[in-house]
Amino acid sequence: MYTPKRVITLGQFIIERQSDFPYAKGELSRLLRDIGIAAKMVNREVNKAGLVDILGDYGNTNVQGEEVKKLDVYANEQFISALSSGGETCAVASEENEEMVPINSEISKNAKYLVAMDPLDGSSNIDVNVSIGTIFSIYRRTTLSGPSNLSDFMQKGTEQVAAGYVIYGSSTMMVYTTGKGVNGFTLDPSIGEFCLSHPDMKIPKLGFIYSVNEGNYAHFPVGVKKFIKFCQEEDEKSKRPYSSRYIGSLVADFHRNLLKGGIYIYPATAKSPKGKLRLLYECNPLAFIVEQAGGKASDGFNRILDIQPTSLHQRTPLFIGSPDMVSKAEELMMRFSQVSTS
Ligand code: P6P
């Protein structure tokens, strides 16, 4: 007899999993729901970006000095608006805002959560139809009352209560963790719901893909150069050479490596001496996810989640993915840390 496969929507899953947190009163569940709603709004615009005059430069530059695309601005506004009206968030830190954005709406006066986010990472790929993504990180506020302040965001990645990303690609997926494993939901446009498609995601212990912008090779630390050469060596037993895959969109590269196994590296370079990626809203959330999926994330020497933040937009080198690959890269970084040229 045909037994229909049960479709579990994001909303149902969040409610069912609320029992993982006996003292939860539903605030985090509602916050995750708010993020899901904003993701659907952004997805709608991403999917028609080529059709309406939403492409092209917005004429401004963001705090990173990068040209701001209209979709960046739209995505930022959608997420901040959804979080403001949802009532569970007291402040937002965004790549698109130099300062933290306090949420002072009446409905949020007792809110206890903070959200750090990159509303649309990889936005330089918008005009060439390459997958882009949203990355978010959720903390409890540390200040006890009154308006939230910057100190609330200066928490290590180990203090995150949830983290996730949305990838706007051949399909749109939301992947998140609350510290009890990683689950992936695919948007079914016919019903407008994210549906559980990748339960309990685990990254392969060893992968055969490395993702790095080799155009920066001349400026890489020697340990990274040695790791790249290790990946390129012929060795049948360890299935090397590995495949080089670099999309130039962190969420897309990370998501592929999470599913197939692999390592993504953005090291310190001459142009980005502290690395390019942002600790609070790119590296910490992905590090939380990858560790929950059995992977590893470091700056080449130290666990990403243990780094003490000192500013909202601080950068860090990032080595993230299959644990055996990250450990191999760390071993070479350590061995050649005193060598300045190769
Ligand atoms: P590069 C996009 O700007 C981004 O932040 C990540 O999504 C991506 O992996 C990286 O930068 C690409 O940087 O210097 O290789 O072009």
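Here we summarise the structure given alongside this text. Since we're looking at a predicted model, the values are computed, not measured.

This next bit is on the nonpolar core. Ranked by internal contacts, the top residues of the largest apolar core, which has 44 residues, are Phe-153, Tyr-165 and Leu-258. Among the elements that take part in this core, helix α6 (residues 279–292) stands out by supplying nine residues, more than any other. Contact partners of Phe-153, with chain neighbours within four places excluded, come to Ala-91, Val-92, Ala-93, Met-100, Leu-114, Val-115, Ala-116, Leu-280, Pro-309 and Leu-312. Ranked by size, the runner-up nonpolar core spans 38 residues in total, among them Leu-10, Phe-13, Ala-39 and Tyr-113.

One can find Ala-91 in strand β3 (residues 89–94). Residue class for Ala-91 comes out buried when judged on its relative accessible area of 0%. Between the alpha carbons of Ala-91 and Ile-103 there is a distance of 5.1 Å; along the sequence they are twelve residues apart. If near-sequence neighbours (up to four positions away) are discounted, Ala-91 is found in contact with Met-100, Val-101, Pro-102, Ile-103, Tyr-113, Leu-114, Val-115, Ser-148 and Phe-153.

You can see Pro-189 is positioned in the loop between β9 (182–188) and β10 (193–198). Overall, Pro-189 belongs to the exposed group, its relative accessible area being 72%. Along the chain, Pro-189 and Lys-271 lie 82 residues apart, while their C-alpha atoms are 41 Å from each other.

Under the defined criterion, the tally for this structure stands at nine aromatic pairs. Ring geometry for Phe-13 against Tyr-176: centres 6.5 Å apart, planes inclined by 85°, an arrangement best described as edge-to-face. On the criterion of sequence distance, the pair formed by Phe-13 in helix α1 (residues 10–17) and Tyr-176 in strand β8 (residues 172–177) is long-range, its members being 163 residues apart. In this pair, the class of Phe-13 matches that of Tyr-176, namely buried. Using a relative accessible area of 6% as the deciding quantity, one classes Phe-13 as buried. One aromatic cluster is present, built from ring pairs that chain together Phe-208, Phe-227, Phe-230 and Tyr-242. Positioned above the aromatic ring of Phe-230 is the side chain of Arg-240, whose terminal nitrogen or guanidinium carbon lies 3.9 Å from the ring centre.

Here strand β7 (residues 162–168) lies mainly inside the structure; seven of its seven residues are buried. Residues Ala-162, Gly-164, Val-166 and Tyr-168 line one face of β7 and the alternating positions Ala-163, Tyr-165 and Ile-167 line the opposite face, and both faces are buried. Two elements, strand β6 (residues 132–140) and β7, share seven bridges in a ladder whose sense is antiparallel. By the bridge assignment, Phe-136 is partnered in β7 with Gly-164. Bridge count for β7 against β8 is six bridges, and the pairing is antiparallel. Bridge assignment links Ile-167 to a residue of β8, and that residue is Met-173.

Taken together, Asp-121, Gly-122, Asn-213, Tyr-246, Gly-248, Ser-249, Leu-250, Tyr-264, Tyr-266, Lys-276, Leu-277 and Glu-282 form the complete shell of residues around the ligand. Residue Leu-250 places a main-chain N or O atom 2.7 Å away from an oxygen atom belonging to the ligand.

What counts and how
Residues numbered from 1 in each chain as written. Predicted model: local features only at pLDDT ≥ 70, side-chain atom pairs only at ≥ 80, totals over all residues. Heavy atoms only, no water. Core = buried A, V, L, I, M, F, W, Y, C linked by side-chain atoms within 4.5 Å. Buried < 20%, exposed > 50% of the residue type's maximum accessible area, 1.4 Å probe, protein only. Helix = DSSP H or I, 4+ residues; strand = E, 2+ residues; numbered from the N terminus. Contact = heavy atoms within 4.5 Å. Phe/Tyr/Trp six-rings, centres within 6.5 Å; stacked < 30°, edge-to-face > 60°. Lys NZ or Arg CZ within 6 Å of the ring centre and 35° of its normal. Pairing = 2+ DSSP bridges. Near = heavy atom within 4 Å. Polar contact = N/O pair within 3.5 Å; in protein donor to acceptor, adjacent residues only side chain to side chain.

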